[in-house]
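# An overview of the molecular structure
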Amino acid sequence: MSAPHSQAFPTGKLVLLAAAGFLTMLTETVPAGLLPAMGRDLGSGDALTGQLLTAYAGASMVAAIPLVAATAGVARKHLIVATIIGVTIANLITALSPIFWIAAAARLIGGAAAALQWALLAGYAMRMVDPARQGRALSIAMGGIPLALAIGVPLGTYLGDIFDWRLVFLTIAAFGFLLALASVKALPAVAGSGSSGGASWRVLRLPGLAIVLVGAGAFQLGHMNLYTYIAPYLGELGTMLPVSGFLFTLGLAAIAGLFLTGIVVDRHLTRVAIAAMAAFCLAMLLLATIGGAPAILIAAVCWGLGLGASPTVFQTACARVAGPQIDQAQSLLVTIFNAGMALGSAIGGALLDQARSTASL
């Protein structure tokens, strides 16, 4: 199951995995900064357009376990490349969609591809290195997630404001195509398990895994509840801070959170997890009760620190608990993660509609 370990640390190959995570996370979250423009063009309002994020997360939630089970014997490199291609096709269809429902169908395709990719990335990265360097490898491979939030989403929002939201998705599709070509050439071969992998739910018996899954789902529910609708939320607060500026600040803090987590997570996993969740809760409290420009910036930093730490924290905890059953455990983590994301986006949309209905009375 393992790739041969080389003495040289495989930074370049891990960066490719990070780029794959960047692609899938960017694809999932970039509509959050483009909601008004997409809604106008596709003939849907903010709340309905926000369900494009729900569709992506929902497809990931449903697809993770069966796809991991069905592909257990397939070489991991082939699967990673296939997921990149799937997400790329989804972006291309979204860019060309004349109506909302075609874009929603494309998001289902992308979400299913992302589910398989996220279930495999951690195990793939950890099999490239010896056990003593697995935490470092995991932090690099997961680095694409905060980078997507720090650079991709605000840049996509900015380009959507300047040019057109369709150009944003076409650019992401082009990046995905180039990434697929590079991955075919450079990623190492890692064999599948050779078994059906159909016992994913049985890993819930592993001590501690249920706690990890509950924490991951709760975090994602809270995060996506507001993140999906951050553009209209900031607009209704009346802040002078542009959405792209808020997302850029959040993303830079997320990079810092990822970097700091990578340094200390192997020795202080529990403390890092508590600190990350506390920072996130503080951000939500500031946004809910104060709302002025200084508080909004502080909230963006706290939110980003927690968000940057969370992928490594939950993936590392899951890997420690699962051991050799890492792919099955990761498929459950992806399922719960995306259940939280889908539910968070759906609840956020309902709350947004309710608030606007109440305000119009």
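An account of the accompanying structure is given in this report. (Residues numbered from 1 in each chain as written. Predicted model: local features only at pLDDT ≥ 70, side-chain atom pairs only at ≥ 80, totals over all residues. Heavy atoms only, no water.)

### Looking at the packing of helix H5 (residues 76-96) against helix H9 (residues 165-186)
Short version of the rule: Structural elements are reduced to axes, namely lines fitted to C-alpha atoms, with helices fitted over the stretch in contact, and the angle between N-to-C directions of any two is expressed from 0 to 180 degrees. Strands here mean DSSP runs of E at least two residues long; helices mean DSSP runs of H or I at least four residues long; both are numbered from the N terminus. Each angle gets one of four labels, with under 35 degrees taken as roughly parallel, over 145 as roughly antiparallel, 65 to 115 as roughly perpendicular, and the rest as oblique. Each helix crossing is assigned a hand: it is left-handed if the near helix lies turned anticlockwise from the far helix by less than a right angle, otherwise right-handed if that turn is clockwise. Side-chain classes follow a simple rule in which Ala, Val, Leu, Ile, Met, Phe, Trp, Tyr, Cys and Pro form the nonpolar group, Asp, Glu, Lys and Arg form the charged group, and the remainder, Gly included, forms the polar group.
For the pair H5 and H9, interaxial distance at closest approach is 8 Å and the crossing angle is 160°. By the angle between their axes, H5 is roughly antiparallel relative to H9. In this structure, H5 meets H9 at a crossing whose hand is left-handed. Looking at the contact of H5 with H9 residue by residue, the class counts come to 15 nonpolar, five polar and three charged.

### As for a nonpolar patch on the surface
To keep things clear, this is the line we draw: Like-charged residues within 9 Å of one another, or nonpolar side chains (Val, Leu, Ile, Met, Phe, Trp, Tyr) within 5 Å, are grouped into patches, provided each residue has over 30% relative accessible area and no salt bridge. The Shrake-Rupley method, run with a 1.4 Å probe sphere, supplies the accessible areas, and residue values consider only the shown protein chains as cover. The rule for a salt bridge is simple: a side-chain nitrogen of Lys or Arg has to be within 4 Å of a carboxyl oxygen of Asp or Glu.
A contiguous nonpolar patch, built from Leu-92, Leu-96, Leu-147, Ile-151, Leu-155, Tyr-158, Ile-162, Phe-163, Leu-167 and Leu-170 and spanning about 940 Å² of accessible area, is present on the exposed surface. If you tally residues by element for the nonpolar patch, the top one is helix H8 (residues 144-162), at five residues. You can see Leu-170 is positioned in helix H9.

### So, the nonpolar core
Going by this rule: What is meant by a nonpolar core is a set of buried Ala, Val, Leu, Ile, Met, Phe, Trp, Tyr and Cys residues, joined one to another through side-chain atoms within 4.5 Å. The cut-offs for exposure are 20% and 50% of the maximum accessible area for each residue type, with area from a 1.4 Å probe on protein chains only; residues under the lower value are buried, those over the upper are exposed, and the others partly exposed. The contact criterion used throughout is that any non-hydrogen atoms of two residues lie within 4.5 Å.
Grouped together as the largest cluster of nonpolar side chains are 104 residues, with contacts concentrated most on Leu-14, Leu-17, Ile-80, Leu-209, Ile-230, Phe-246 and Trp-303. Ranked by residue count, the leading element in this core is helix H6 (residues 100-127), at 14 residues. Other than its neighbours up to four places away in sequence, Phe-246 contacts Ile-230, Leu-234, Leu-241, Ile-296, Ala-300 and Trp-303.

### Notes on helix H14 (residues 293-322)
Quick reminder of the rule: In a helix, the anticipated span is given by 1.5 Å times the number of residues less one.
Its 30 residues give H14 an end-to-end C-alpha distance of 43 Å, which sits within 8% of 44 Å, the value for a rise of 1.5 Å per residue. In terms of burial, H14 is a largely internal element, 22 of the 30 residues being buried. One or two residues past the end of H14 sits Gly-323, with phi positive at roughly 60°.

### Considering the packing of aromatic side chains
As a reminder, the rule being used: Pairing of aromatic rings covers Phe, Tyr and the six-membered ring of Trp, with a centre-to-centre limit of 6.5 Å; geometry is then stacked below 30 degrees between planes, edge-to-face above 60, and tilted otherwise.
Here the structure, examined in full by the defined rule, presents nine aromatic pairs. Where Phe-100 meets Trp-101, the ring centres are 4.8 Å apart and the plane angle is 85°; that geometry is what we call edge-to-face. Aromatic side chains Phe-280 and Trp-303 sit 6.3 Å apart centroid to centroid with 70° between the ring planes, which places their arrangement in the edge-to-face category. Of this pair, Phe-280 sits in helix H13 (residues 269-289) while Trp-303 sits in helix H14, and the two are 23 residues apart along the sequence.

### A closer look at the packing of helix H10 (residues 209-227) against H13
Describing two packed helices takes the angle between their axes plus the distance from one axis to the other. Where H10 meets H13, the axes come as close as 12 Å, and the angle between the chain directions of the two elements is 30°. Viewed along their axes, H10 and H13 adopt a mutual orientation that is roughly parallel. You can see that H10 and H13 cross each other, and the crossing is left-handed. For the pair formed by H10 and H13, the contact residues are Phe-219, Gly-222, His-223 and Leu-226 on the first element and Met-277, Phe-280, Met-284 and Leu-287 on the second.

### Focus on the side chain of Thr-157
Within the secondary structure layout, Thr-157 lies in helix H8. Judged by relative accessible area, Thr-157 falls into the buried class, the value being 2%. Ignoring any residue separated from it by four or fewer positions in sequence, one finds Thr-157 in contact with Gly-33, Leu-34, Ser-244 and Leu-247.

### Some details on the side chain of Arg-166
Here is the rule we go by: In protein, a polar contact means a hydrogen-donor-capable atom and an acceptor-capable atom, both N or O and within 3.5 Å, with residues adjacent in sequence counting only if both atoms are side-chain atoms; elsewhere, any N or O pair within 3.5 Å suffices.
Position of Arg-166 among the secondary structure elements: in helix H9. Judged by its relative accessible area of 18%, Arg-166 falls in the buried class. Within the structure, Arg-166 has its side chain in polar contact with the backbone oxygen of Ser-97 (distance 2.7 Å). In this view, Arg-166 contacts Asp-41, Leu-42, Thr-94, Ala-95, Leu-96, Ser-97 and Pro-98; residues no more than four positions away in its chain are not counted.

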